[in-house]
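# Coordinate inspection notes
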Amino acid sequence: MITNQKELEALIRRARTVDAVALDTEFFWEHTYYPKLGLIQLALSNEECFLIDPCAFSDLSSLGELLGDRTVVKIFHDAPQDLSILYQSTGVMPKTIFDTRLAAGFAGISSTISLANLIKELLCINLPKTETRTNWLRRPLSQKQIEYALDDVRYLDAVRILLLSRILSPEIKGWLDEELRRYDDPNYYEPPLDENRYLKIKGAGNLSRQSLASLQELASWREQEARKRNRPRGHIISDQALLSLAAKQILSCEIMEQSGLLTKRIIDQYGQQLIALIEKGLLCPEENCPPSLQMVKLNKTEQEEVKTIQKNISSKSAALCLDPSLICNIAELRSLILLQHNPNKIYPKKLASGWRQEFIADIIC
C-alpha cells in the first residue's frame with residue numbers, strides 16, 4: 001500500500017520505464033455528485049502489484065505524469081469511468097490506453113464482458129466477486145478487499161497479450177487502434193452539456209416538444225444544483241418527478257403537493273423555481289423547442305430492411321470475429337434505414353466515418 005509521496009514518486013518512476021502497466025480504480029458514489037476515489041491499483045507485472053491510497057494524498061500529479069506518458073501503455077478493463085475519475089483527480093489527459101473489454105469485441109468475444117468472465121475464458125482463473133459493493137473509503141482495508149483489488153490488475157497484461165494474439169488481421173488490428181485512439185481525444189473527457197441532460201431521462205420520448213422544452217430547463221437546473229451541492233441528481237429531485245412536472249405542466253405549489261410527486265420540504269425549497277422553469281419552457285417558441293424524441297415508425301419495407309442489414313452485419317461480424325454490437329445499436333440502424341431514403345444519404349454520426357463506415361460500405365450499397 002502506497003501512502004506517502006516519496007513511495008508514490010518512486011513507483012511512478014519505475015512504472016515509466018516499462019512498456020505497459022495495468023490500472024484500475026475503486027470509488028464510492030452513493031451520496032455525492034462526484035465519485036470519491038477510494039483506491040488506485042497499479043501493476044507492473046502479475047507479481048508486482050501495488051495499491052495507492054488516494055485518501056492519503058493531496059497531490060496526485062506524479063500519477064498524472066504516468067497517465068500522460070505516451071511511451072507507456074495503460075491497460076484498463078472498461079476504461080471510460082476509470083479514466084474520467086483519474087482525469088478529475090490528476091488534471092492530466094490520459095494517453096495510450098488499452099481497454100481489454102473493448103479489445104475483446106475485436107477478438108471474437110463480447111465487448112461488454114466482465115473482467116471476471118474474461119479472465120475465466122482466457123486464463124481459466126475464477127476470481128471472487130465478494131467485494132463489488134464494498135465501501136472503499138473505509139480504513140483499514142480488509143484482507144479480502146486487498147486481494148480483490150489486486151486481482152483487478154494482476155492479470156490485465158496477460159489478458160492484453162492473449163487478446164492481441166487472437167487478432168490476426170492487420171485490418172481488424174487497425175480498427176481496434178482507431179477505436180482506442182478515442183481515449184486520447186481531449187473532447188472525450190468533456191462532460192455532457194447541462195442543456196442536454198434531459199436526453200438521459202427515461203420516458204422523455206413520450207413528451208411533446210413544448211413539454212420537452214420544460215424538461216430541458218428542469219434537468220439543466222437540477223444538474224447545476226446537484227453539482228453545486230455535490231449531491232446525486234436523484235437526491236435533488238428524481239427523474240420521474242421531473243418528467244411528470246414537465247408532462248403535466250404543473251404551475252402551482254398546491255397541485256405539486258396534491259400530486260404526491262414531491263415532498264413538502266422539496267416544494268418549500270424549490271417549488272417557485274420549478275414553476276418558473278416549467279413556464280420558461282412553455283413560453284419557448286415552437287421552432288426553438290427541442291426536436292421530438294418520439295421514435296419514427298418504420299413501414300413494412302423499412303422493417304424488412306432493418307432485419308436484412310442486421311443479419312448481414314451479424315454474418316460479416318462472425319466472419320471477422322467481431323462483436324456485432326460494436327458496429328451499431330438498433331436505434332442507429334433504424335436511423336440508417338430512414339436516412340437511406342434521404343437523397344443526401346447523411347448517415348448517423350457513428351457510421352459516417354472511420355472503420356464503421358468501411359465495415360458497412362458493402363452492406364448498405
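Residues numbered from 1 in each chain as written. Predicted model: local features only at pLDDT ≥ 70, side-chain atom pairs only at ≥ 80, totals over all residues. Heavy atoms only, no water.

This next bit is on the packing of helix 9 (residues 209-229) against helix 13 (residues 264-282). Taken N-terminus to C-terminus, the directions of helix 9 and helix 13 make an angle of 140 degrees; their axes are 7 Å apart at the nearest point. As far as their axial angle goes, helix 13 and helix 9 are oblique. For the crossing formed where helix 9 meets helix 13, the hand is right-handed. Here Gln210, Ala213, Ser214, Glu217, Leu218, Trp221, Glu225 and Arg229 of helix 9 come into contact with helix 13, specifically with Gln269, Tyr270, Gln273, Leu274, Leu277, Ile278, Lys280, Gly281 and Leu282. Taken together, the residues of the contact of helix 9 with helix 13 break down into eight nonpolar, five polar and four charged. (Axes fitted to C-alpha atoms, helices over the stretch in contact; angles between N-to-C directions. Helix = DSSP H or I, 4+ residues; strand = E, 2+ residues; numbered from the N terminus. Parallel < 35°, antiparallel > 145°, perpendicular 65-115°, else oblique. Left-handed = near helix turned anticlockwise from the far one by under 90°. Contact = heavy atoms within 4.5 Å. Nonpolar A, V, L, I, M, F, W, Y, C, P; charged D, E, K, R; others polar.)

With respect to the element layout, Arg222 can be found in helix 9. With residues near it in sequence (within four places) discarded, Arg222 still touches Ile201, Arg233, Ile236, Ile237, Ser238, Asp239 and Leu242.

This part is about the environment of Leu137. Tracing the chain through its elements places Leu137 in the loop between helix 5 (115-123) and helix 6 (143-154). For the pair Leu137 and Leu86, spaced 51 residues apart in sequence, the C-alpha to C-alpha distance is 16 Å. Not counting chain neighbours up to four residues away, the residues in contact with Leu137 comprise Phe28, Lys36, Leu37, Gly38 and Cys55.

The next subject is the sheet that holds strand 3 (residues 49-52). In spatial order, the strands read 3-2-1-4-5; together these five strands make up an open sheet with mixed pairing. Single-partner strands in this sheet number two, and they are strand 3 and strand 5 (97-99). Each neighbouring strand pair of the sheet contributes to a mean axis angle of 25 degrees, computed without reference to strand direction. The pairing of strand 2 (residues 36-43) with strand 3 spans four bridges and is antiparallel. For Ala43, the partnering residue across the bridge sits in strand 3 and is Cys49. The strands touched by helix 7 (residues 156-166) within the sheet are strand 1 (20-28), strand 4 (73-76) and strand 5, with strand 4 carrying the most contacts at an inclination of about 95 degrees. (Pairing = 2+ DSSP bridges.)

Attention now goes to the nonpolar core. The biggest cluster of nonpolar side chains holds 80 residues, and the ones touching the most others in it are Leu42, Phe106, Leu163, Leu322 and Ile327. If you look at the next biggest cluster of nonpolar residues, it comprises 28 residues, including Leu207, Leu245, Ile250 and Ile267. (Core = buried A, V, L, I, M, F, W, Y, C linked by side-chain atoms within 4.5 Å. Buried < 20%, exposed > 50% of the residue type's maximum accessible area, 1.4 Å probe, protein only.)

Mapping Val159 onto the fold places it in helix 7. Measuring from C-alpha to C-alpha, the distance between Val159 and Leu118 comes to 8.0 Å, with 41 residues separating the pair along the chain.

The next point concerns the pairing of strand 4. Burial of the side chains of strand 4 extends over both faces: Val73 and Ile75 are buried on one face and Lys74 and Phe76 on the other. Of the pairings in the sheet, the one linking strand 1 to strand 4 comprises three bridges and is parallel in character. Residue Val21 lies in a different strand from strand 4, and its bridge partner there is Lys74. One ladder, built from three bridges, connects strand 4 with strand 5; its direction is parallel. Counted as the bridge partner of Ile75 is Phe98 from strand 5.

So, on to unusual backbone geometry. Look at the link from Arg139 to Pro140: it is a cis peptide, with omega at 0 degrees. Examined against the element boundaries, Pro140 turns out to sit in the loop between helix 5 and helix 6. Look at Cys124: it is not a glycine, yet its phi comes out positive at around 55 degrees. Looking at the element boundaries, Cys124 is found in the loop between helix 5 and helix 6.

Another aspect to go through is the pattern of salt bridges. By the definition in use, this model includes 20 salt bridges. A salt bridge links Glu48 to Arg14; the nearest nitrogen and oxygen atoms lie 2.6 Å apart. Here Glu48, found in the loop between strand 2 and strand 3, pairs with Arg14, found in helix 1 (residues 5-15); they are 34 residues apart in sequence, far enough to count as distant. The exposure class of Glu48 is partly exposed, given its relative accessible area of 31%. Note that Glu223 and Arg233 form a salt bridge whose closest N and O atoms lie 2.7 Å from each other. Taken together, the positions of Glu223 in helix 9 and Arg233 in helix 10 (residues 233-236) put the pair ten residues apart, joining distant regions of the chain. It is possible to trace a salt-bridge network through shared partners that takes in Arg16, Glu65 and Asp69. (Salt bridge = Lys/Arg side-chain N within 4 Å of Asp/Glu carboxyl O.)

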